[in-house]
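Observations on the model geometry
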Amino acid sequence: MNKKSILLLGSIALDTIKTKYGTRKELLGGSATYAAIASSPFVKVNLVGIIGNDFPVEGEKILEESCNSTKDLVIEEGETFRWGGEYHENGDDRDTLFTNLGVFENFSPKVSSVNSNPDFIFLANIHPELQLSILKQCQKKATVITDSMNLWIDIARDSLLDVLEQTDILLINRSEVYDLTNNRNMDQSISQILEMGPKTIIVKYGSNGSKLYNHNGVSYSIGVINVPKVIDPTGAGDSYGGGLVSGLAEGLTIKDAMLRGTVMASLCIENFGTESIYSANHNIINERIKILSNS
Ligand code: AMP
């Protein structure tokens, strides 16, 4: 298989997470971390990001092992980005307990020339100004996949709209769709977002699966793998994105890439942090893809 290159930008974090199954402090986390690890059984990404000099050696080893290149991973004097979240009893909704930007505060990503002509760019959740900076530094042939969050829709809308103009595939969840359009009718909202730039939109519905819409009027849904216990939902969306982009880079159809994304998300939520996706192997992934395709 002729694998293509993926440039990935996103956050690298130390997460503190509270779910009904317990609390874990300073776990390896961040949107780029989940996406890189979820992509790595198939295609290893070229990572752009920043960590502080307090980042654990073990975490650094995991990133290096999971990526093709960490040349554009900056290690700066100061504290790594930290995020804390607590999940509600329903396991889906969560409150952010704290966000400590640390070295993120003055981060200005640099793409080295060897990484600047990727086939795919995955802009995982991070400030849209940083996403724009990556697009400016790369040559134009790449397929651009973008993820974001409500926070940026609220406080950096104009920059996010600039990113969307240059986006091929947008990954978004239901509440973000409504926030972006101020319209609670899903079909109308999707039409509005398609006019903002993305040719394809994949709406993530959490435990209700995901649905693709494209500018040719095609739409279809993918279900989920039911896991017995959702221990920690953090990073499910990022793992979906990592699985999806790895599939696209291997030349899978977008539907098959969505199946892979769904499977990586199902593995992610079965344990705290990145533990389950990091230990996932091809056998378990393929087995789940088979179950999902036949469901
Ligand atoms: P998800 O559960 O898919 O929303 O992703 C959770 C990850 O996003 C966690 O590992 C956090 O470290 C990271 N995260 C939380 N807030 C932000 C933020 N403002 N910018 C970038 N990453 C964030």
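This text goes with the structure placed above it.
The following paragraphs examine the structure supplied in this document.

Criteria and thresholds
- Residues numbered from 1 in each chain as written.
- Predicted model: local features only at pLDDT ≥ 70, side-chain atom pairs only at ≥ 80, totals over all residues.
- Heavy atoms only, no water.
- Helix = DSSP H or I, 4+ residues; strand = E, 2+ residues; numbered from the N terminus.
- Buried < 20%, exposed > 50% of the residue type's maximum accessible area, 1.4 Å probe, protein only.
- Polar contact = N/O pair within 3.5 Å; in protein donor to acceptor, adjacent residues only side chain to side chain.
- Contact = heavy atoms within 4.5 Å.
- Core = buried A, V, L, I, M, F, W, Y, C linked by side-chain atoms within 4.5 Å.
- Axes fitted to C-alpha atoms, helices over the stretch in contact; angles between N-to-C directions.
- Left-handed = near helix turned anticlockwise from the far one by under 90°.
- Nonpolar A, V, L, I, M, F, W, Y, C, P; charged D, E, K, R; others polar.
- 1 Å grid on protein atoms, 1.4 Å probe; cavity = no way out; pocket = protein on both sides within 12 Å on 5 of 7 lines; lining within 4 Å.
- Points joined across faces, edges and corners; volume = space filled by probe spheres on them.
- Pairing = 2+ DSSP bridges.
- Disulfide = S-S within 2.5 Å.
- Near = heavy atom within 4 Å.
- Areas by Shrake-Rupley, 256 points an atom, 1.4 Å probe, with all protein chains shown as cover.
- Parallel < 35°, antiparallel > 145°, perpendicular 65-115°, else oblique.
- Salt bridge = Lys/Arg side-chain N within 4 Å of Asp/Glu carboxyl O.

What to know about the side chain of N125
Relative to the elements of secondary structure, N125 occurs in the loop between β8 (120–123) and α3 (128–137). Exposure remark for N125: the relative accessible area of 16% places this residue in the buried category. For N125, the side chain forms a polar contact with the side chain of W152, separated by 2.9 Å. Aside from chain neighbours lying at most four places away, what touches N125 is G10, S11, S31, D147, S148, M149 and W152.

Thoughts on the nonpolar core
If you look at soluble globular proteins, the nonpolar side chains tend to sit buried side by side. Ranked by size, the top nonpolar core spans 53 residues in total, and within it L8, I145 and L244 carry the most contacts. At eight residues, the largest contribution of residues to this core is made by helix α9 (residues 254–268). Among residues more than four places away in sequence, those in contact with L8 are A32, A35, A36, V45, N46, L47, V48, F122 and A124. Listed in part, the 27 residues of the second largest apolar core include L7, I121, L132 and V144.

Description of the environment of L8
Locating L8 in the fold gives a position in strand β1 (residues 6–9). For the pair formed by L8 and T33, sequence separation is 25 residues and the distance between their alpha carbons is 9.6 Å.

Focus: the packing of α9 against helix α11 (residues 282–293)
Where α9 contacts α11, the two axes come as close as 9 Å, and the packing angle between them is 115°. In terms of crossing hand, the pair formed by α9 and α11 is right-handed. Taking contact as the criterion, the partners of L259, R260, T262, V263, M264, S266 and L267 in α9 are, on α11, I284, I285, R288, I289, L292 and S293. Classifying every residue of the contact of α9 with α11 gives eight nonpolar, three polar and two charged.

What about empty space enclosed by the protein?
Per the counting criterion, the structure on display carries one cavity of 30 Å³ or more. What the largest cavity holds in volume is close to 50 Å³. Every residue lining the largest cavity is listed: S148, M149, I153, L160, L164, L170, L171, I172, E176 and L180. Elements represented by at least two residues in the lining of the largest cavity include exactly α5 (157–165), β10 (169–173) and α6 (174–181). Considering every element that reaches the lining of the largest cavity, the biggest residue donor is β10, with three residues.

Some points on the sheet that holds strand β3 (residues 22–29)
Judged by pairing direction, the sheet is mixed, and its four strands sit side by side in the order β3-β2-β6-β7 without closing on themselves. Looking at the sheet topology across the chains shown, the edges are occupied by β3 and β7 (94–100). In this sheet, adjacent strand axes meet at a mean angle of 15° when their direction is disregarded. As judged from the six bridges shared by strand β2 (residues 13–19) and β3, these two strands associate in the antiparallel manner. Pairing of A13 across the sheet is with G29, part of β3. Set on the sheet, helix α1 (residues 31–39) makes contact with β2 and β3; between it and β3 the angle comes to about 75°.

What about the state of the cysteines?
Inspection of the entire model under this criterion finds zero disulfides. A disulfide-free cysteine, C67 has its sulfur positioned 16 Å from the sulfur of C138, the nearest such atom. Left without a disulfide partner, C268 is nearest to the cysteine sulfur of C67, which lies 16 Å away. You can call C268 buried: its relative accessible area is 1%.

Remarks on the site of the ligand
Taken together, 17 residues lie near the ligand, and S11, D15, G30, R94 and G235 sit nearest. Contact distances for the ligand include 2.7 Å between an oxygen atom and a backbone N or O atom of G30. In the environment of the ligand, an oxygen atom lies 2.8 Å from a nitrogen or oxygen atom belonging to the backbone of G235. For the ligand, whose free accessible area comes to 510 Å², the fraction covered by protein is 90%. Partitioned by chemical class, the residues of the shell around the ligand number seven nonpolar, seven polar and three charged.

Focus on the packing of α6 against helix α7 (residues 186–196)
One can describe the packing of α6 onto α7 by two numbers: an axis separation of 10 Å at closest approach and a directional angle of 70°. Taken as axis vectors, α6 and α7 run roughly perpendicular relative to one another. For the pair α6 and α7, the sense of crossing is left-handed. Contacts between α6 and α7 involve R174, V177, Y178, L180 and T181 from the former and M186, S189, Q192, I193 and M196 from the latter.

Overview of the pattern of salt bridges
All told, the structure shown has eight salt bridges when counted by the stated rule. Across the pair E250 and R260 runs a salt bridge, and its minimum N-O distance is 2.7 Å. Placement of E250 in the loop between α8 (236–249) and α9 and of R260 in helix α9 is noted, with a sequence separation of 10 residues between them. For the pair E250 and R260, one class covers both residues: buried. Salt bridges linked by common partners bring E26, D54 and R82 together as one network.

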